[in-house]
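Structural overview
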Amino acid sequence: AAGVIQSPRHLIKEKRETATLKCYPIPRHDTVYWYQQGPGQDPQFLISFYEKMQSDKGSIPDRFSAQQFSDYHSELNMSSLELGDSALYFCASSPDRVGEQFFGPGTRLTVL
Amino acid sequence: QQQVKQSPQSLIVQKGGISIINCAYENTAFDYFPWYQQFPGKGPALLIAIRPDVSEKKEGRFTISFNKSAKQFSLHIMDSQPGDSATYFCAGQKKLSFGAGTTVTVRA
């Protein structure tokens, strides 16, 4: 069965650079969520989209922005990267706004 | 602030033993309580979930017990196997809020 696809899987950036993470949800899933997971931490909700509109916002820094495109894929844009942004970033998709969330394999971002 | 409190932080169990992880929540708007299993470097994967109108749900070796009045729920892993060694997160959902996670190590 198709799963959530995230790219890239690993990303290394310098401080103050920008990064773009991509998420391709499971086909026919119209809801996408972004999470940040630091080492030894639980995933923290950043932002979600339903039918290409932002549906909820969590602890997403102002330096980050995201959007969902017409094909339902989503991109998380991160600017002015800081060392503390180093984490695993997960995307999850859901067939509706309240159902089970299926997580992707994550993007490991390292900021040097 | 953690909306779902999870304990213990880690536990070690012998092969064939029972692993028990407990969670408590405050937000009575939660209407769905999933448990996720996460292996190192991988995304969380849904293990089992329960809705608050049910007191117990069993799937294979995994059982959720749910106490709505106490706002507590727990995961029991029966006949624990080395392959069960992972981090387990409980969660409450309207907006998915994770517990802090429990690292389970099953010794052969």
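Just so we're clear, the structure is a prediction, and the values are computed from it rather than from any experiment. (Residues numbered from 1 in each chain as written. Chains lettered and ligands numbered in written order. Predicted model: local features only at pLDDT ≥ 70, side-chain atom pairs only at ≥ 80, totals over all residues. Heavy atoms only, no water.)

Looking at the overall build of chain B
Broken down by element type, chain B carries zero helices and 11 strands. Mapped in sequence order, the helices and strands of chain B form the string β-β-β-β-β-β-β-β-β-β-β. Scaling as 2.2 N^0.38, a compact globule of 108 residues should have a C-alpha radius of gyration of about 13 Å, and chain B matches this with 13 Å. Counting only C-alpha atoms, chain B reaches 40 × 25 × 20 Å along its principal axes. Across the 108 residues of chain B, 44% fall into the buried class. In chain B, the proportion of contacts linking residues at least 24 apart, taken out of those at least 6 apart, comes to 53%. Carbon and sulfur atoms form 49% of the exposed surface of chain B, whose accessible area is close to 5,300 Å². (Helix = DSSP H or I, 4+ residues; strand = E, 2+ residues; numbered from the N terminus. Rg over C-alpha atoms; globule rule 2.2 N^0.38 Å. Buried < 20%, exposed > 50% of the residue type's maximum accessible area, 1.4 Å probe, protein only. Contact = heavy atoms within 4.5 Å. Areas by Shrake-Rupley, 256 points an atom, 1.4 Å probe, with all protein chains shown as cover.)

Regarding the interface of chain A and chain B
Taken together, the contact between chain A and chain B spans 18 residues of the former and 16 residues of the latter. For the pair chain A and chain B, the summed buried area comes to about 1,300 Å², and 51% of that belongs to carbon and sulfur atoms. By the criterion of area lost to chain B, the three top residues of chain A are Asp 42, Glu 100 and Phe 103 of chain A, representing 33% of everything that side buries. Counting the contacts that link chain A with chain B gives zero salt bridges. Applying the counting criterion to the chain A and chain B interface returns two residue pairs in polar contact (both at pLDDT 80 or more). At the level of secondary structure, the elements contributing two or more residues to the side of chain A that touches chain B comprise strand S4 (31–37) and strand S6 (53–57) of chain A. (Buried area = accessible area lost by both parts, 1.4 Å probe. Salt bridge = Lys/Arg side-chain N within 4 Å of Asp/Glu carboxyl O. Polar contact = N/O pair within 3.5 Å; in protein donor to acceptor, adjacent residues only side chain to side chain.)

Here's the deal with the sheet that holds strand S6 (residues 56–59) of chain B
Residue and element names in this part refer to chain B. If you trace the five strands from one edge of the open sheet to the other, you get S1-S3-S8-S7-S6, paired in antiparallel fashion. Taken across any chain shown, the strands that pair with only one partner, and hence form the sheet edges, are strand S1 (4–7) and S6. Adjacent strand axes in the sheet meet at a mean angle of 15° when their direction is disregarded. Relative to strand S7 (residues 62–67), S6 is paired through four bridges, and the arrangement is antiparallel. What sits directly across from Lys 57, in S7, is Ile 64. (Pairing = 2+ DSSP bridges. Axes fitted to C-alpha atoms, helices over the stretch in contact; angles between N-to-C directions.)

Details of the layout of surface pockets
Here the largest pocket is characterised by a volume of approximately 420 Å³. At the level of elements, strand S9 (87–94) of chain A together with strand S9 (86–92) and strand S11 (102–107) of chain B are the ones that each hand at least two residues to the lining of the largest pocket. Ranked by residues supplied to the lining of the largest pocket, first place goes to S9 of chain B with three residues. When grouped by side-chain class, the residues that make up the lining of the largest pocket number eight nonpolar, 13 polar and three charged. (1 Å grid on protein atoms, 1.4 Å probe; cavity = no way out; pocket = protein on both sides within 12 Å on 5 of 7 lines; lining within 4 Å. Points joined across faces, edges and corners; volume = space filled by probe spheres on them. Nonpolar A, V, L, I, M, F, W, Y, C, P; charged D, E, K, R; others polar.)

Quick word on the packing of aromatic side chains
Under the criterion given, the structure shown has 18 aromatic pairs over all chains. Aromatic side chains Tyr 36 of chain B and Phe 98 of chain B sit 5.5 Å apart centroid to centroid with 50° between the ring planes, which places their arrangement in the tilted category. With Tyr 36 of chain B in strand S4 (residues 33–38) and Phe 98 of chain B in strand S10 (residues 97–98), the pair connects residues that are 62 residues apart, well separated along the chain. The two residues Tyr 36 of chain B and Phe 98 of chain B agree in class, both being buried. Linked through ring pairs, Tyr 35, Phe 45, Phe 90 and Phe 103 of chain A together with Tyr 36, Phe 89 and Phe 98 of chain B together constitute an aromatic cluster. (Phe/Tyr/Trp six-rings, centres within 6.5 Å; stacked < 30°, edge-to-face > 60°.)

A few points about unusual backbone geometry
Residue Pro 8 of chain A follows Ser 7 of chain A across a cis peptide bond; omega there is -10°. Examined against the element boundaries, Pro 8 of chain A turns out to sit in the loop between strand S1 (5–7) and strand S2 (10–13). In this structure, the amide linkage connecting Ser 7 of chain B to the following residue, Pro 8 of chain B, adopts the cis form with an omega of -5°. Take Pro 8 of chain B: it is sitting in the loop between S1 and strand S2 (10–14). Positive phi outside glycine occurs at Arg 28 of chain A, with the angle close to 75°. Structurally, Arg 28 of chain A can be placed in the loop between strand S3 (19–24) and S4. Positive phi outside glycine occurs at Glu 51 of chain A, with the angle close to 50°. For Glu 51 of chain A, a relative accessible area of 32% gives the class partly exposed.

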